[in-house]
Amino acid sequence: MTDLAVSRQQILKRIENACTESRRPANTVRLLAVSKQQEAGQIRALYAAGQIAFGENYVQEALAKQAVLTDLAIEWHFIGQIQRNKTRDLAAHFDWVHSVDRLLIAERLSAQRSGELKPLNLCIEVNIDGEDTKGGCLPEAVPGLVESMSRLPNVRLRGLMVIPAKTSSDGPDPFQRAQAVFEQVRSYHRVPEDWDTLSMGMSADLEQAIAAGATMVRVGTALFGARSAK
Ligand SMILES: *Cc1c(COP(=O)(O)O)cnc(C)c1O
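Residues numbered from 1 in each chain as written. Predicted model: local features only at pLDDT ≥ 70, side-chain atom pairs only at ≥ 80, totals over all residues. Heavy atoms only, no water.

K.L.:
Looking at this structure, I do not really get the site of the ligand. What am I missing?
P.N.:
The full set of residues close to the ligand is Val34, Lys36, Asn57, Ile79, Ile163, Met202, Ser203, Arg218, Val219, Gly220, Thr221 and Arg227. Here Lys36 contributes a side-chain N or O atom positioned 2.7 Å from an oxygen atom of the ligand. Within the side chain of Arg227, a nitrogen or oxygen atom sits 2.8 Å from an oxygen atom of the ligand. Protein burial of the ligand: of its 390 Å² of free accessible surface, 88% is covered by the chains. When grouped by side-chain class, the residues that make up the shell around the ligand number five nonpolar, four polar and three charged. (Near = heavy atom within 4 Å. Polar contact = N/O pair within 3.5 Å; in protein donor to acceptor, adjacent residues only side chain to side chain. Areas by Shrake-Rupley, 256 points an atom, 1.4 Å probe, with all protein chains shown as cover. Nonpolar A, V, L, I, M, F, W, Y, C, P; charged D, E, K, R; others polar.)

K.L.:
Sorry, what's going on with helix H2 (residues 40–48) here?
P.N.:
Given 3.6 residues per turn, any residue in an α-helix points the same way as the ones three and four places further on. Within the sequence span of H2, burial applies to Ala40, Ile43 and Leu46. Down the axis of H2, the buried side of the element spans an arc of 125 degrees, and every buried residue falls inside it. Taken together, the buried residues of H2 touch helix H1 (3–21), strand E1 (30–34), strand E2 (53–56), helix H3 (59–67), strand E3 (75–78) and helix H9 (221–224). Positioned one or two residues after H2, Gly50 has a phi angle of 110 degrees, which is positive. (Buried < 20%, exposed > 50% of the residue type's maximum accessible area, 1.4 Å probe, protein only. Helix = DSSP H or I, 4+ residues; strand = E, 2+ residues; numbered from the N terminus. Arc of directions from axis to C-beta. Contact = heavy atoms within 4.5 Å.)

K.L.:
Whenever I open this one, the environment of Ser228 confuses me. Can you help?
P.N.:
The residue Ser228 is located in the segment after H9 in this model. On the accessibility criterion, Ser228 (49% relative accessible area) is partly exposed. For Ser228 and Lys65, which are 163 residues apart along the polypeptide, the C-alpha to C-alpha distance reads 17 Å.

K.L.:
Even after reading the chapter, I still don't get the pattern of salt bridges, so can you show me in this structure?
P.N.:
A side chain with one charge may pair with a side chain of the opposite charge, provided their charged atoms come close. Counting across every chain of the model gives 13 salt bridges. Between Lys13 and Glu16 there is a salt bridge, with the nearest N and O atoms lying 3.5 Å from each other. Linking Lys13 with Glu16, this pair stays in helix H1, spanning three residues, or about one helical turn. Several salt bridges share partner residues, and in doing so they unite Glu56, Glu61 and Lys65 into one network. (Salt bridge = Lys/Arg side-chain N within 4 Å of Asp/Glu carboxyl O.)

K.L.:
Got a minute to help me understand the state of the cysteines in this structure?
P.N.:
One covalent bond between the sulfur atoms of two cysteine residues makes up a disulfide. Applying the stated criterion to the full structure yields zero disulfides. Here Cys19 is not disulfide-linked; the sulfur of Cys123 is the nearest cysteine sulfur, at 18 Å. Of all cysteine sulfurs, the one in Cys123 lies closest to Cys137, which takes part in no disulfide; the gap is 12 Å. (Disulfide = S-S within 2.5 Å.)

If you want it as structure tokens, here you go:
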């Protein structure tokens, strides 16, 4: 096995162990390989080891890699901050966008997604710790956004994405607070049809996220090694 295949097996094992701890079936958590600042060749090698879903943070960087990987059936996820002038590229070249935090962005993605493609899967990014510097909507805004976004054509609202603050605050676990917001949506009169995704947990904290119900963990460093400074 290549080094990348070995690290992937190690992450899958961590996911499996975390699921066992929480009495969840292992197939309820997907691994998203975060390939920002990694070469296209690394993505190709990991794909050969069985990894299908890759996450990118920067639109131009992602498009350049996609252009040389068109022979692979990769599922592309966008997880970076969204500038409104980039929505057309996202709508044309991605399968998922995790970082939608306002209605305008969802409306543009919906309008710009070709009806010939499968609907674009969306997650609402929630700023669970209310940090000033962070993207994401406040937890209180989620109900209204779910209501409006689930009516849009050509997109499918799947759930929430969360990146907790680096410095852990006192009080309840941020992942558990995110889970509560996620579950609250299920109690709505009109639950979005495919409300099934809680995207949270990274290299350092995926166990904690899985314990709180994560269905997709986004792992970069623990798979590929440290990223080059940017
Ligand atoms: C970079 C990044 C990750 C991966 O983080 P690692 O600590 O390298 O696993 C996950 N999610 C988002 C939104 C990121 O930007």
